[in-house]
Amino acid sequence: MTEDVISAIKKYLEEDREAPQKQQHTATRIYQRLVDEKGFAGGYASVASAVREIRGRVEEAFIPLTWDLGEASQVDWGEGWFYLKDTKTKCNLFCMRLCYSCKPFVAAFPTQQSEFLLEGHRLGFEFFDGVSKRVIYDNMRTAVKEGWGRYVVSKQKSIVLLEAHYAYRSEFCRPGKGNDKGLVENLVGWFRRNFLVPMPRVGSWAELNEMLLEECRNYARHHIERHPESVGEAFNREKPYLLPLPSIPLDTSKTTTAKVQRDCLIRFDNSFYSVPARYVGETVTVKGQLEHVKVIRGGEYIASHPRSFTAGGVSYQLEHYIDLIEIKPRSVRQAQPIRRTVDKQIRQFREYLPDDSAGDKEFIAVLRLLLEYGQEPVLMAIQRCLAAGVHSAEAVRFELLQILDNTPTKTSPVSYLDDYGFEVKPTDLTAYDKLMIAGGNK
């Protein structure tokens, strides 16, 4: 093995110093990276030997198991880390694996709450396009209400609902009994080491889950040692033995009701979300999903917010308050929905308007433009107005329309001729004189 390869292995292991203990490189992952990133043409055994020598560790032994086609799948939760918009973020991995073909499915969620357990199952079943006859769990509290292992007395309502909808049977492992758990014993660690090393960098949960889904698809080409077929080939034989999906997928969102408080907020999962002011005092239906919270009244969606997982977090939308602000214009400077949602440079435009109720109303008119056209073009219009020394909602509207029409302007809407490049020229009377002569007038 060359020095370059040894140096690369040491570099990969050096990366593990900043990674969580359970999210560090295995010899298999190092071998994969050497092949993909360095064009390594050697064998896995030489890499594993080098890793053992550098680490001074001995790989853990395991007992292989055999399963019937479509017989079972195994599910467990685990934890991992990734970078969400450059912020190191903890994720909870829902892991499902078919026991016969070893085809995996993994999805990342912010928490292990019940709705995400349901959502993970739904997505997993749809990924496999079928349901195994049994699903085997470790003794997770989101599934087991009372008892443990084969002595489970009662299951959580969410699992009972899931079983009824997808027509499978739950089975639970005995705590600490590896011979009961089989694949689930190492399932989470396998996903974490192979899919989250090195820690991925993404812009959203949806992007992370799409990346994980693509890794699950790619795993079909994988050959498990001492298995005569690839995972994909084994799955093709297993798929006809899976139970069919129901015609209607399970609604996995967390659904509850909430009363709209006087500040136009509802409470959901220890966070707060705004709704239009006209619904104050009414009871609405709230549906919580992975990335969104949706509010329903009378069968109609009245609000949608990005979901917050911060206790006490508040999500405002200006359009929910604008009518109320017009009724109470003096609130415009201190209104939280404005301060939390409107760009600071736009808010500062209020300082250039008259310091009275007329100025408040002018600024509210600017906010109306913001709701109609968006913050970026309104900010550009305000900057043009400030540069020209004009301060009014009408001036902002004028500049905004120029921006949206891509019409070049020089300064401000105050001088409609000189400032905008129009030139008043003397009228040419030559053509008129010719007409007069042709008509016999001299």
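Whatever comes next refers back to the structure up there.
Engineer: Help me out: how do you make sense of the overall build of the protein chain in this one?
Structural biologist: When its secondary structure is counted, the protein chain shows 16 helices and 15 strands. The burial tally for the protein chain puts 44% of its 442 residues in the buried class. Put simply, 58% of the contacts in the protein chain that link residues at least 6 apart link residues at least 24 apart. Accessible surface, the protein chain: about 24,600 Å² in total, of which carbon and sulfur atoms supply 50%.

Engineer: Whenever I open this one, the sheet that holds strand 15 (residues 314-315) confuses me. Can you help?
Structural biologist: Hydrogen bonding along the main chain pairs the strands of a sheet, whether they run parallel or antiparallel. Read across the sheet, 3 strands follow the order 10-11-15 without closing on themselves; strand pairing throughout is mixed. Only two strands of the sheet have a single partner each, and these edge strands are strand 10 (265-268) and strand 15. With 2 bridges connecting them, strand 11 (residues 271-274) and strand 15 associate as parallel partners. Its bridge partner lying in strand 15, Y273 is registered against S315.

Engineer: What should I look at first to understand the pattern of salt bridges in this one?
Structural biologist: Opposite charge on two side chains permits them to pair, given that their charged atoms come into close proximity. Considering all chains together, one arrives at 24 salt bridges under this definition. Ionic pairing is found between E15 and K11, a salt bridge with its closest N-O pair at 3.3 Å. Remark: K11 and E15 occur in helix 1 (residues 3-15); sequence separation between them is 4 residues, near one turn of the helix. Here R134 makes a salt bridge to E71, at a shortest N to O gap of 2.5 Å. Within this pair, whereas R134 is found in strand 4 (residues 134-137), its partner E71 is found in the loop between helix 3 (44-55) and strand 1 (72-84), the two being separated by 63 residues in sequence.

Engineer: What exactly am I supposed to notice about the packing of aromatic side chains here?
Structural biologist: Counted under the stated rule, the structure contains 16 aromatic pairs. Pairing F105 with F127 gives two aromatic rings, centres 5.7 Å apart and planes at 40°, and the pair type is tilted. Of this pair, F105 sits in strand 3 (residues 104-109) while F127 sits in helix 4 (residues 114-128), and the two are 22 residues apart along the sequence. Exposure remark for F105: the relative accessible area of 3% places this residue in the buried category. Using a relative accessible area of 19% as the deciding quantity, one classes F127 as buried. The aromatic ring of Y83 is capped on one face by R201, whose charged end is 3.9 Å from the ring centroid. Above the face of the Y301 ring, K294 is positioned so that its terminal group lies 5.6 Å from the ring centre.

Engineer: Just checking my understanding: could you explain the side chain of H305 for this structure?
Structural biologist: Secondary-structure assignment places H305 in strand 14 (residues 300-306). Within the structure, H305 has its side chain in polar contact with the backbone oxygen of S274 (distance 2.7 Å). Of note is the side chain of H305, whose polar atom sits 2.7 Å from the side chain of S315. What H305 contacts, discounting residues up to four positions off in sequence, is Y273, S274, E291, H292, V293, S315, Y316, Q317 and H320.

Engineer: Just checking my understanding: could you explain the packing of helix 4 against helix 5 (residues 157-166) for this structure?
Structural biologist: Packed helices, taken two at a time, are described by their axes: the angle between them and the distance between them. Relative orientation of the contacting elements helix 4 and helix 5 amounts to 20°, with a least axis distance of 10 Å. Here helix 4 lies roughly parallel to helix 5, going by the angle between them. Of the two elements, helix 4 crosses helix 5, and the hand of that crossing is right-handed. Across the interface between the two elements, S114, L117, L118, H121, R122 and F125 of helix 4 pack against S158, I159, L162 and Y166 of helix 5. Here the contact of helix 4 with helix 5 is built from residues that sort into 6 nonpolar, 3 polar and 1 charged.

Engineer: Explain the packing of helix 14 (residues 375-388) against helix 15 (residues 393-404) to me, please; I cannot follow it from the model alone.
Structural biologist: Viewed as axis vectors pointing N to C, helix 14 and helix 15 meet at an angle of 120°, and their least axial separation amounts to 8 Å. One finds that helix 14 runs oblique with respect to helix 15. Read as a crossing pair, helix 14 and helix 15 show a hand that is right-handed. Across the interface between the two elements, P377, V378, M380, A381, I382, R384 and C385 from helix 14 touch A395, V396, E399, L400, Q402, I403 and L404 from helix 15. For the contact of helix 14 with helix 15, the residue count by class is 11 nonpolar, 1 polar and 2 charged.

Rules used in this analysis
Residues numbered from 1 in each chain as written. Predicted model: local features only at pLDDT ≥ 70, side-chain atom pairs only at ≥ 80, totals over all residues. Heavy atoms only, no water. Helix = DSSP H or I, 4+ residues; strand = E, 2+ residues; numbered from the N terminus. Buried < 20%, exposed > 50% of the residue type's maximum accessible area, 1.4 Å probe, protein only. Contact = heavy atoms within 4.5 Å. Areas by Shrake-Rupley, 256 points an atom, 1.4 Å probe, with all protein chains shown as cover. Pairing = 2+ DSSP bridges. Salt bridge = Lys/Arg side-chain N within 4 Å of Asp/Glu carboxyl O. Phe/Tyr/Trp six-rings, centres within 6.5 Å; stacked < 30°, edge-to-face > 60°. Lys NZ or Arg CZ within 6 Å of the ring centre and 35° of its normal. Polar contact = N/O pair within 3.5 Å; in protein donor to acceptor, adjacent residues only side chain to side chain. Axes fitted to C-alpha atoms, helices over the stretch in contact; angles between N-to-C directions. Parallel < 35°, antiparallel > 145°, perpendicular 65-115°, else oblique. Left-handed = near helix turned anticlockwise from the far one by under 90°. Nonpolar A, V, L, I, M, F, W, Y, C, P; charged D, E, K, R; others polar.

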